[in-house]
Every structure is written in structure tokens, then in C-alpha cells.
Amino acid sequence: MTEREKALKLLRALRKRVSPDVLARAQQAALIQIGQAPAAEPENEASRLFKLALANGGARRVEVLQHLERKFRHKLN
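Residues numbered from 1 in each chain as written. Predicted model: local features only at pLDDT ≥ 70, side-chain atom pairs only at ≥ 80, totals over all residues. Heavy atoms only, no water.

**Student:** I would appreciate a short explanation of the overall build of the protein chain in the present structure.
**Tutor:** Broken down by element type, the protein chain carries 4 helices and 0 strands. Along its sequence from the N terminus, the protein chain presents helices and strands in the succession α-α-α-α. For 77 residues, the compact-globule estimate of 2.2 N^0.38 gives 11 Å, and the protein chain exceeds it by more than 25% at 20 Å. Along the first, second and third principal axes, the C-alpha atoms of the protein chain reach 55 × 40 × 20 Å. By residue count, 5% of the 77 residues in the protein chain fall in the buried class. For the protein chain, the exposed area adds up to about 7300 Å²; of that, 58% sits on carbon and sulfur atoms. Side chains of the protein chain carry 16 positive and 8 negative charges; the gap between the two charge centres is 3 Å. (Helix = DSSP H or I, 4+ residues; strand = E, 2+ residues; numbered from the N terminus. Rg over C-alpha atoms; globule rule 2.2 N^0.38 Å. Buried < 20%, exposed > 50% of the residue type's maximum accessible area, 1.4 Å probe, protein only. Areas by Shrake-Rupley, 256 points an atom, 1.4 Å probe, with all protein chains shown as cover. Lys, Arg positive; Asp, Glu negative; His and termini not counted. Charge placed at Lys NZ, Arg CZ, Asp CG, Glu CD.)

**Student:** Could you clarify how one ought to interpret the pattern of salt bridges in this entry?
**Tutor:** Any two side chains of opposite charge can pair, on the condition that their charged atoms come close. Taken as a whole and assessed by the stated rule, the structure comprises 4 salt bridges. We note a salt bridge from Glu3 to Lys6, for which the minimum N-O separation is 3.8 Å. You can see Glu3 and its partner Lys6 sitting in helix α1 (residues 3-17), 3 residues apart, about one turn around the helix. On the accessibility criterion, Glu3 (60% relative accessible area) is exposed. Overall, Lys6 belongs to the partly exposed group, its relative accessible area being 43%. For Arg60, the salt bridge identified is with Glu63, shortest N-O distance 2.7 Å. Judged by relative accessible area, Arg60 falls into the partly exposed class, the value being 35%. (Salt bridge = Lys/Arg side-chain N within 4 Å of Asp/Glu carboxyl O.)

**Student:** I'm lost on a nonpolar patch on the surface in this one. Help?
**Tutor:** A contiguous nonpolar patch, built from Leu8, Leu10, Leu11 and Leu14 and spanning about 340 Å² of accessible area, is present on the exposed surface. Note that Leu14 resides in helix α1. Classification of Leu14 by relative accessible area gives partly exposed; the value is 41%. (Patch = residues over 30% accessible without salt bridge, like charges linked within 9 Å, V, L, I, M, F, W, Y side chains within 5 Å.)

**Student:** Sorry if this is basic, but what is going on with helix α2 (residues 20-33) here?
**Tutor:** Three- or four-residue spacings in an α-helix give side chains the same orientation, since the helix completes a turn every 3.6 residues. Compared with the 20 Å implied by 1.5 Å per residue over 14 residues, the 20 Å span of α2 between its first and last C-alpha is a close match. At the exit of α2 stands Gly35, carrying a positive phi of roughly 95°. (Expected span 1.5 Å × (residues − 1).)

As C-alpha cells, this is what we get:
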């Protein structure tokens, strides 16, 4: 095993032990430190679907509702 592989294995093990919230804050701080704008918070699915349904005067509303119906019907069965 090369030194690089050992280091990657060590990093993977450490990342598993670090809380996802702490890791996200550390990544944001690192981006700010090097002068890049931090990425926006990831959008949750409900918000994304709501915006999609309302876009273009509700043109895709039926499609979004059908998607949700299939998703929930699948979970119930």
C-alpha cells in the first residue's frame, strides 16, 4: 500500500467519525479562507418541488403532483 493510499484510508476513517454538521461548517470555513464564496445550502426536495410546480404559472403542477402521488403510493404499499 502506497503512502497516498494510506493517507486516503486514514482520511476516510476520520471523516466517518466527524459529525456531518461539523464537516459542513469546516468546509464552509475552508472555502471562505481561500477566498471562494461558500456554496448555498442544499435545497430540500419539498422546496424544490414547490418551486417547480409554481414555475411558469404552474405549467408543471400536474406533473409534480403525479410524481408525489407515485412516490407516496409506493411508500404505502
